[in-house]
Amino acid sequence: MIADTIKAPAGSVIKPAPRARRRSAASRISAVLLILTAVVMLAPFIWTALSVTKPTDVAFANPPVLTGYTPTLKAFQDLWETTYFAQYLINTLVVAVLSTIVALVLGIPAAYALSRFPGYVSAILLLLALVFRSLPRFSVVLPMYEISKSLGIYDTTFALAAALVAINQPFSIWLLRNFFAEIPKELDEAAMIDGCTRWGTLRRVMIPLMRPGIFTAGIFVFLFAFQEYLTALVLTDTSSKTVPVFITTQLGQTLPMLQQAGAAAMLLTLPVIAISFVAQKYLVAGLSDGSVKG
Amino acid sequence: MRRREFALLMGPSLLVMLGLLVVPLVRTIQWSFQKVEYGSPGDFIGLSNYAQAMSDPRLGRAVFFTLLLTVIVTATILVLGYLIATGMNGLGKLRPYILGAMLVAYVLPNIVGAVSFSWLFDQNFGGAVNYVIQALTGQNILWFTETWPNRIMVIAHTVWHLLPFSMLMILAGLQGVPKELREAALIDGASGRKTHLYVIIPTIRGVLGFVCLITIMDVLRTFDNLIPLSPQADAIGNESIMLYVFDTAFRDGSAQLGLGSAINVLAILLILVCLFPFIRGLLKEAKAKA
């Protein structure tokens with residue numbers, strides 16, 4: 001018994017050294033596991049990249065051909081020359097940029113107001129925003145289809161951008177409000193004592209302070225618009241078709257067209273990957289300051 | 001802030017949402033009581049769209065599949081997201097690269113990811129996964145035409161697509177856990193597992209709830225990825241509610257707007273029931289503040 005009680009502290013005194021070593025071994029294992037996870041997560045993307053740079057006759061062979069072929073960019077060339085891909089890409093970009101700008105211009109004042117006007121009204125509006133975010137897309141998009149047809153704006157980038165502003169507005173307001181809530185109210189009061197109007201306070205004090213938050217919200221809204229399939233499918237036909245819609249129309253067609261769809265997917269993805277690498281710092285920081293503490 | 005200022009700042013955004021969300025929503029509700037086609041005024045037919053929707057076994061199948069997907073995906077994502085975020089939190093210089101690589105699945109348009117995903121599994125397109133499974137077990141799995149293999153593939157894709165978001169949110173939450181808390185747990189002799197269970201998880205409860213909420217919302221709306229991943233969704237019982245609505249209300253040849261709208265309204269009710277705990281929590285909070 002006595003030996004045991006003496007041993008125990010003695011053991012724990014020696015402990016730190018092996019423990020530290022074990023820890024670093026554990027963190028090395030977890031790093032390896034994470035790298036593996038990342039590779040698995042990238043697998044579909046890597047596979048598609050391989051498939052579209054193979055000659056068509058081996059691209060979809062079974063069993064898969066992994067070596068011994070000459071890589072080619074023919075699918076990309078065909079995509080560019082035989083389809084209106086450039087137009088679809090421009091449409092996608094225009095819609096995404098336009099709807100991001102409008103969403104922020106409308107959303108920033110609204111989010112500011114919600115963060116500074118306490119009580120029931122703001123709470124109910126935020127709750128409604130949540131409910132609207134959860135609505136099935138079709139319940140607003142199908143009527144939009146009819147309305148846009150009767151207004152003669154069906155199949156325009158303008159109509160699609162407007163629809164996406166509305167659809168993403170609840171999310172952007174929610175996210176921005178949480179960023180504003182992080183800024184102490186005393187700052188507003190100080191600015192207003194110094195003679196700023198409410199609008200001036202927002203423009204001169206709040207927006208500069210909110211820059212990272214606005215950036216984060218902007219990235220999200222841009223990505224949502226860039227990714228949107230369903231709304232674009234319903235609200236566009238030919239002239240303002242976006243890349244995600246184009247890609248699905250290429251499916252189930254001939255193998256070369258399928259490869260072109262894959263090439264289109266690659267071209268759409270690469271800029272987005274670039275964004276995600278540049279922005280991941282903001283996304284993490286933004287989310288930890290922002291939506292989490294709702 | 002004065003009432004007038006609030007109205008001025010809030011107004012434009014509210015107007016847009018009123019015009020582009022509330023008006024269409026009201027239209028959907030109106031259509032759900034009508035026999036209607038695009039471009040023509042409908043005839044009021046009372047509840048018969050609802051009766052027709054409820055008596056169609058297709059609706060039951062779609063609801064079952066959608067709920068199944070929601071439950072499995074949400075649970076998987078919370079667990080995996082937490083594990084990965086914990087590992088990520090302990091990473092050093094490697095972190096931005098791994099994080100960036102993992103985010104690709106989330107920032108890719110869902111439909112594009114689903115197309116890529118389907119190529120991994122489709123034997124007609126060289127399917128790498130099929131090839132590996134066949135080499136290992138000699139079995140050839142019909143991912144697209146058999147119910148359960150197809151379900152597994154759809155679940156795998158949905159997890160793949162949504163995991164980065166939950167990981168990101170949980171990581172953000174973990175970074176908000178004060179260091180002192182962990183140290184205190186360590187001093188008190190808590191094991192790693194216990195520290196997670198009794199210290200860290202309760203601290204980031206809010207984040208986990210938020211992730212849960214967003215995931216439930218997104219999975220209930222499943223539509224895009226089924227187009228490439230489950231081309232025979234209806235036949236094999238893997239049709240989501242939204243795919244059913246699309247098929248009924250929009251796809252050429254049927255265009256039963258009234259029936260589709262009724263299913264939409266039923267879906268809204270289902271979503272509200274699923275969100276009820278969260279809504280109640282928020283209302284309580286609002287009451288406390290008011």
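Here, every reference points to the structure presented above.
Reading the values: the criteria
- Starting from 1, residues in each chain are numbered consecutively following that chain's sequence as written.
- Written order decides the labels, with chains lettered from A and ligands numbered from 1.
- In keeping with the predicted nature of the model, local features appear solely for residues at pLDDT of at least 70, side-chain atom pairs appear and are counted solely at 80 or more, and the whole-chain, interface and lining totals rest on all residues.
- Here the side-chain values reflect all heavy atoms present in the structure, with hydrogen atoms and water set aside.
- In this text, helices come from DSSP runs of H or I with a minimum length of four residues, and strands from runs of E with a minimum of two, each type numbered from the N-terminal end.
- Any pair of residues with heavy atoms lying within 4.5 Å of one another is described as a contacting pair.
- For the area figures, the Shrake-Rupley method with a 1.4 Å probe applies, and any residue is considered shielded solely by the protein chains shown.
- Burial classes follow relative accessibility: with a 1.4 Å probe on protein chains only, a residue under 20% of its type's maximum area counts as buried, one over 50% as exposed, and anything between as partly exposed.
- Asp and Glu are treated as the negative residues and Lys and Arg as the positive ones, with His and the ends of the chain left uncounted.
- Lysine's charge is taken at NZ, arginine's at CZ, aspartate's at CG and glutamate's at CD.
- When two parts are brought into contact, each loses some accessible area as probed by a 1.4 Å sphere; the total of that loss over both is the buried area.
- By definition here, a salt bridge exists when the distance from a side-chain nitrogen of Lys or Arg to a carboxyl oxygen of Asp or Glu is within 4 Å.
- Only C-alpha atoms enter the line fits that serve as axes; for helices the fit covers just the stretch in contact. Angles between N-to-C directions range over 0 to 180 degrees.
- Here roughly perpendicular refers to angles of 65 to 115 degrees, roughly parallel to angles under 35, roughly antiparallel to angles over 145, and oblique to all remaining angles.
- By the definition used in this description, the sense in which the near helix is turned from the far one sets the handedness, with an anticlockwise turn below a right angle giving left-handed and a clockwise turn giving right-handed.
- In this description, a disulfide is simply a cysteine sulfur pair whose atoms lie within 2.5 Å.
- Residue polarity follows a fixed list, in which Ala, Val, Leu, Ile, Met, Phe, Trp, Tyr, Cys and Pro are nonpolar, Asp, Glu, Lys and Arg are charged, and the others, Gly among them, are polar.
- The definition of a polar contact used here is a pair of N or O atoms within 3.5 Å, where within protein one atom must be able to donate a hydrogen and the other to accept one, and adjacent residues in sequence count solely through side-chain atom pairs.

**Student:** An account of the overall build of chain A is requested, with residue identities and associated values reported.
**Tutor:** When its secondary structure is counted, chain A shows 14 helices and 0 strands. If you list the helices and strands of chain A from N to C, you get α-α-α-α-α-α-α-α-α-α-α-α-α-α. In chain A, the proportion of contacts linking residues at least 24 apart, taken out of those at least 6 apart, comes to 77%. Carbon together with sulfur atoms contributes 69% to the accessible area of chain A, which is approximately 13400 Å² in total.

**Student:** Any details on the overall build of chain B? Residues and values, ideally.
**Tutor:** Secondary structure summary: chain B contains 13 helices and 2 strands in total. Projected onto the principal axes, the alpha-carbon positions of chain B cover approximately 70 × 70 × 30 Å. Classification of the 290 residues of chain B by burial places 52% in the buried group. Pairs at least 24 apart in sequence give 67% of the contacts found in chain B among residues at least 6 apart. When the accessible surface of chain B is split by element, carbon and sulfur atoms take 65% of a total near 13100 Å². Charged side chains of chain B number 21 positive and 16 negative; the gap between the two group centres comes to 12 Å.

**Student:** Tell me what's going on with the interface of chain A and chain B, and back it up with residues and numbers.
**Tutor:** Across the contact, 95 residues belong to chain A and 95 residues belong to chain B. Where chain A abuts chain B, roughly 8500 Å² becomes buried across the two surfaces, and 80% of that area is made up of carbon and sulfur atoms. Summed over the shared surface of chain A and chain B, the result is 3 salt bridges. Between B:Arg27 and A:Glu146 there is a salt bridge, with its nearest N and O atoms 3.2 Å apart.

**Student:** Tell me about the packing of helix H6 (residues 120–134) of chain A against helix H8 (residues 157–182) of chain A, residues and numbers included.
**Tutor:** When two helices pack together, their arrangement is given by the angle between the helix axes and by the axis-to-axis distance. All names here are of chain A. Orientation of H6 relative to H8, taken along the N-to-C sense of each, is 135°, at an axis distance of 8 Å. The angle between the axes of H6 and H8 places the two elements in the oblique class. Relative to H8, the crossing made by H6 is left-handed. Contacts between H6 and H8 involve Leu 126, Leu 127, Ala 129, Leu 130, Phe 132 and Arg 133 from the former and Pro 170, Phe 171, Trp 174 and Arg 177 from the latter.

**Student:** Break down unusual backbone geometry for me, citing the residues and quoting the values.
**Tutor:** Residues and elements named next belong to chain A. A positive phi angle, near 65°, is found at Asp 155, a position not held by glycine. Along the chain, the position of Asp 155 falls in the loop between helix H7 (138–151) and H8. Accessibility expressed as a relative area gives 10% for Asp 155, which makes it buried.

**Student:** Tell me about the state of the cysteines, and name the residues and values.
**Tutor:** Residue and element names in this part refer to chain B. Evaluated as defined, the whole model comprises 0 disulfides over all chains. Here Cys 274 stays unpaired: no disulfide links it, and the sulfur of Cys 212, its closest cysteine neighbor, is 11 Å away. The class of Cys 274 is partly exposed, set by a relative accessible area of 24%.

**Student:** Give a detailed account of the packing of helix H3 (residues 57–89) of chain B against helix H10 (residues 205–220) of chain B, specifying residues and quantitative values.
**Tutor:** Residue and element names in this part refer to chain B. H10 packs onto H3 with a crossing angle of 150° between their chain directions and a minimal axis gap of 9 Å. The orientation of H3 with respect to H10, classified from their angle, is roughly antiparallel. H10 is crossed by H3, and the crossing has right-handed handedness. For the pair H3 and H10, contact is made by Thr 66, Leu 67, Leu 69, Thr 70, Val 73, Thr 74, Ile 77 and Leu 78 and by Leu 208, Val 211, Cys 212, Thr 215, Ile 216, Val 219 and Leu 220, respectively. For the contact of H3 with H10, the class distribution of residues is 11 nonpolar, 4 polar and no charged.

**Student:** Describe the side chain of B:Arg58, naming the residues involved and giving the relevant values.
**Tutor:** Residue and element names in this part refer to chain B. Position of Arg 58 among the secondary structure elements: in helix H3. At 2.7 Å, the side chain of Arg 58 forms a polar contact with the side chain of Glu 239. Setting aside residues no more than four positions away along its own chain, Arg 58 makes contact with Asp 234, Glu 239, Tyr 244 and Asp 247.

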